[in-house]
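Report on the structure
Chain residues, written in single-letter form:
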Amino acid sequence: MRALWLSLLFSAALASMAGQSLAGGTRASQILERFEHANQWRDHVMIAAHRAGSMQAGKTLYAENPLAAVEGSIAIGAEIVEVDIRRSKDGVFVVMHDSWLDRTTTCKGEVVNYALAELKKCRLVIEGTGAVTSEPVSTLREMLLATRDRILINLDNKLDVTDLPGMIAVARDLGMVDQVIVKENLWNGQRIDTARAALAKAGGGFQFMPILADDAVSDAAFASDVDKAFAPHAVELINWRNGAETLTATGGPLFSTRMRAEAARGDWHLWADTYAIVNKPGGFLAGGRGDELAVAASLPREAWGFWVDRGATIIQTDEPKAAIDWLTANGFRVPYTTDGKTAEPHTASIN
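The rules behind each value
- Residues numbered from 1 in each chain as written.
- Predicted model: local features only at pLDDT ≥ 70, side-chain atom pairs only at ≥ 80, totals over all residues.
- Heavy atoms only, no water.
- Helix = DSSP H or I, 4+ residues; strand = E, 2+ residues; numbered from the N terminus.
- Buried < 20%, exposed > 50% of the residue type's maximum accessible area, 1.4 Å probe, protein only.
- Contact = heavy atoms within 4.5 Å.
- Areas by Shrake-Rupley, 256 points an atom, 1.4 Å probe, with all protein chains shown as cover.
- pLDDT = per-residue confidence, 0-100.
- Axes fitted to C-alpha atoms, helices over the stretch in contact; angles between N-to-C directions.
- Parallel < 35°, antiparallel > 145°, perpendicular 65-115°, else oblique.
- Left-handed = near helix turned anticlockwise from the far one by under 90°.
- Nonpolar A, V, L, I, M, F, W, Y, C, P; charged D, E, K, R; others polar.
- Polar contact = N/O pair within 3.5 Å; in protein donor to acceptor, adjacent residues only side chain to side chain.

Let us now look at the overall build of the chain. Per the secondary structure count, the chain includes 12 helices and 13 strands. A burial count over the chain gives 53% of its 351 residues as buried. Put simply, of all contacts in the chain between residues at least 6 apart along the chain, 69% involve residues at least 24 apart. Surface exposure of the chain reaches about 15000 Å², of which carbon and sulfur atoms provide 54%.

Here you go:
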């Protein structure tokens with residue numbers, strides 16, 4: 001009898017330790033679990049903060065791609081920060097969207113013509129207000145250190161696909177390669193082969209997310225080829241919109257019943273973009289149903305709700321706080337254990 005009680009106590013202790021391990025897991029590990037098991041979390045919509053997340057309620061609070069915006073996105077509960085990667089004159093990966101420094105910093109000229117020491121003298125500028133911040137251009141390494149174990153990071157490669165292994169090597173050196181999502185546009189078999197060859201040189205352990213845009217891909221069957229080649233956990237789908245068009249009624253050829261079926265078979269997320277493009281009509285990447293419709297026009301159901309209805313379980317947005325608030329209020333967010341509540345996975349319908 002004593003042996004039986006000792007066995008039961010030992011089992012209970014193990015269960016308790018396992019529970020504590022789960023509850024005490026890093027925020028990034030909990031996000032990664034949901035990212036890697038899309039079919040178990042179809043009732044939760046993840047938020048990716050575009051260019052680290054610069055806006056709130058239509059107002060630009062931060063410059064593009066700064067460490068300060070990363071802190072802000074983590075504080076509001078975003079799961080992913082998306083940042084853009086270029087290279088300095090002396091070969092260091094830096095965080096910068098444009099090839100030129102003029103729009104977003106106090107410096108002028110092309111990024112590639114500045115050594116890192118020179119880039120560090122440039123200060124990030126808040127677009128619209130022109131306010132100069134105290135923050136310099138960040139390196140990829142600095143950005144990774146800021147996100148480590150706290151939030152996943154999506155690297156938008158503004159260089160060549162052959163540069164991806166170098167970026168992944170920086171993350172691997174920091175012991176956080178599993179927290180990095182890299183992505184590339186794919187549109188035909190040749191492009192698939194090019195990306196696959198480049199990624200093979202990077203080793204494993206990281207997340208690769210294909211991007212499919214409906215100006216080049218109009219058949220959801222292509223996603224099956226992509227799935228076979230990469231077995232991704234998410235696919236970014238872009239619905240292009242001509243400025244003269246009205247709001248999309250369908251989401252375009254990629255946001256289809258067939259695509260949702262492909263996603264279920266492959267156990268991957270549909271990633272939708274709802275941010276605007278500089279100097280382009282609002283919602284240009286989202287059939288007109290983007291952040292401006294959600295916030296400026298106060299029609300979040302017609303924007304974020306539209307894409308959720310079409311299967312999106314990750315939304316990349318310039319308005320991460322407003323999106324999280326609306327999704328939470330409408331039952332599309334499941335708390336994490338780090339939020340003080342226990343979350344259970346669910347296998348939800350994607351139709």
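With that settled, the discussion passes to the confidence of the model for the chain. Reading fine detail from the predicted coordinates is not recommended where pLDDT is low. Per-residue confidence for the chain gives a mean pLDDT of 88; residues scoring 70 or more make up 87%. Residue range residues 1-24 is modelled with pLDDT below 50. Its contacts to residues more than four positions away, or to other chains, number 4 contacts. Taken as a whole, residues 341-351 scores under 50 in pLDDT and shows 28 contacts with residues more than four places along the chain or in a different chain.

Positive phi, normally seen in glycine, also occurs at A57, with a value near 55°. Although it is not a glycine, D267 adopts a positive phi angle of roughly 60°. We classify D267 as partly exposed; its relative accessible area is 23%.

Okay, the packing of helix α7 (residues 189-200) against helix α8 (residues 221-230) next. Running from N to C, α7 and α8 point in directions that differ by 20°, and their axes come no closer than 11 Å. Overall, the two elements α7 and α8 adopt an arrangement that is roughly parallel. Between α7 and α8 lies a crossing of right-handed hand. Seen from α7, the contacting residues are G189, I192, A195, R196 and L199; seen from α8, they are F222, D225, V226, A229 and F230. Here the residues of the contact of α7 with α8 are counted per class, giving 7 nonpolar, 1 polar and 2 charged.

Here the focus is the side chain of E184. Along the polypeptide, E184 turns up in strand β9 (residues 180-185). The exposure class assigned to E184 is buried, which follows from its relative accessible area of 7%. A polar contact of 2.9 Å, which involves the side chain of E184, links it to the side chain of R191. Not counting residues up to four positions away in its chain, the partners in contact with E184 are N157, V161, L164, R191, F208, M209, P210 and I211.

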